[in-house]
Amino acid sequence: GQQLNQSPQSMFIQEGEDVSMNCTSSSIFNTWLWYKQDPGEGPVLLIALYKAGELTSNGRLTAQFGITRKDSFLNISASIPSDVGIYFCAGHLGNQFYFGTGTSLTVIP
Amino acid sequence: NAGVTQTPKFRILKIGQSMTLQCTQDMNHNYMYWYRQDPGMGLKLIYYSVGAGITDKGEVLNGYNVSRSTTEDFPLRLELAAPSQTSVYFCASRLEGLYGYTFGSGTRLTVV
């Protein structure tokens, strides 16, 4: 299957700090998605990216579709305690989405 | 709307037992998916369906089966459960042409 590598694996940050994470693949994807998963719940869609170079924001979240179409980036500004969770990237190919291994975010108040 | 509903939320199975994980969606989505999530890993696709009567395998091979007799329901069957099937299982759906999945809240399965 497709391999999507997310980094970092985990982050511990102070409330108010900005966060950056990325996702890379050996394959070219047509669509990139970013999801957040709270403990005991299914992932929830944060941002969808459809075009290389696209930069899209959703509140304090900003994501970019890399120009090579093999990577994507997610930034969270001014983190708050409720940002805690696992963030997954997903790339679309054919009829399937392939998910990254996740970045676990802990925000220290 | 209820969205994607999965039952049960938790289950413990003995090796060799069988069970069906239920998934129902009320959004009239034509695409449905089953994923498993292991600790520290991303979601791995087990099966998907692009519409009633059509199913296809994903990356995870063996030990599972699905059916899609209606648009709403996409049950996942485990025959002869093995410890390697201990995982959290997520069902998801989406509408053709839209890429955002709606996920259920998961079924945590332990095989002992």
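The model shown is predicted, which means the values in this text are computed figures rather than measured ones.

Cut-offs used in this document
- Along every chain, residues carry numbers that run from 1 in the direction the sequence is written.
- For naming, the first written chain is A and the first written ligand is 1, with later ones following in the order written.
- It should be noted that, the model being predicted, local features are given only for residues of pLDDT at least 70 and side-chain atom pairs only at 80 or more, the latter also being counted only at that level, while totals for whole chains, interfaces and linings use all residues.
- Here the side-chain values reflect all heavy atoms present in the structure, with hydrogen atoms and water set aside.
- Numbering goes from the N terminus for both helices and strands, where a helix is a DSSP run of H or I of at least four residues and a strand is a run of E of at least two.
- As a reference, a globule follows 2.2 Å times the number of residues to the power 0.38, and the radius of gyration itself is taken over C-alpha atoms.
- We call a residue buried when its accessible area falls under 20% of the maximum for its residue type, exposed when it is over 50%, and partly exposed in between, using a 1.4 Å probe and counting protein chains only.
- Contacts between residues were defined by any pair of non-hydrogen atoms, one from each residue, lying within 4.5 Å.
- Buried area adds together the accessible area that both of two parts lose upon being put together, with accessible area traced by a 1.4 Å probe.
- Pairs of N or O atoms are called polar contacts if they sit within 3.5 Å, as long as, within protein, a hydrogen donor faces a hydrogen acceptor (for residues adjacent in sequence, only side-chain-to-side-chain pairs).
- The classification used treats Ala, Val, Leu, Ile, Met, Phe, Trp, Tyr, Cys and Pro as nonpolar, Asp, Glu, Lys and Arg as charged, and all other residues, Gly among them, as polar.
- Every case where a carboxyl oxygen of Asp or Glu lies within 4 Å of a side-chain nitrogen of Lys or Arg is listed as a salt bridge.
- Only strands that DSSP links by at least two bridges are regarded as paired with each other.
- To obtain each axis, a line is fitted to C-alpha atoms, and for helices this fit is confined to the stretch in contact; angles are then taken between N-to-C directions over 0 to 180 degrees.
- In this description, the term disulfide denotes a pair of cysteine sulfurs within 2.5 Å.

A. Looking closely at the overall build of chain B. Scanning chain B from N- to C-terminus turns up zero helices and eleven strands. Beginning at the N terminus, the succession of helices and strands in chain B can be written as β-β-β-β-β-β-β-β-β-β-β. In summary, chain B has a C-alpha radius of gyration of 13 Å against a globular reference of 13 Å for 112 residues, a match within 12%. Residue burial in chain B is summarised as follows: out of 112 residues, 46% are buried. Intrachain contacts of chain B at a sequence separation of at least 6 include 54% that bridge at least 24 residues.

B. Just the interface of chain A and chain B, in detail. Counting residues at the interface gives 21 residues for chain A, matched by 22 residues for chain B. Summed over both partners, the interface of chain A with chain B buries about 1700 Å², with 56% contributed by carbon and sulfur atoms. Among the residues of chain A in contact with chain B, Asn95(A), Phe97(A) and Phe99(A) are the three that bury the most area, contributing 32% of the side total. Where chain A packs against chain B, one counts three residue pairs in polar contact (both at pLDDT 80 or more). Considering only residue class, the side of chain A that touches chain B consists of nine nonpolar, eleven polar and one charged.

C. Up close: the pattern of salt bridges. Residues and elements named next belong to chain A. Scanning the entire structure with this criterion turns up four salt bridges over all chains. Among the salt bridges present, the one from Asp83 reaches Arg60, with a minimum N-O distance of 2.8 Å. Taken together, the residues span a long stretch of sequence, with Asp83 in the loop between strand E8 (71-76) and strand E9 (85-93) and Arg60 in the loop between strand E6 (55-58) and strand E7 (61-65) at a distance of 23 residues. We classify Asp83 as buried; its relative accessible area is 6%. By relative accessible area, Arg60 is classed as partly exposed at 28%.

D. Focus on the sheet that holds E7(A). Residue and element names in this part refer to chain A. Strand order in the open sheet formed by five strands is E1-E3-E8-E7-E6, and the pairing between neighbours is antiparallel. With one partner strand each, in any of the chains shown, strand E1 (4-7) and E6 form the two edges of the open sheet. Between one strand and the next, the sheet's axes are offset by a mean angle of 15°, whatever the strand orientation. For E1 and strand E3 (residues 19-25), the ladder comprises four bridges, and the chain directions are antiparallel. Residue Asn5 lies in a different strand from E3, and its bridge partner there is Thr24.

E. Layout of the state of the cysteines. Residue and element names in this part refer to chain B. Evaluation of the coordinates by the stated rule reveals two disulfides over all chains. Residue Cys23 pairs covalently with Cys91 via a disulfide, S to S 1.8 Å. On the S-S bond that ties Cys23 to Cys91, the torsion sits near -70°, and the link is left-handed. Of this pair, Cys23 sits in strand E3 (residues 19-25) while Cys91 sits in strand E9 (residues 87-94), and the two are 68 residues apart along the sequence.

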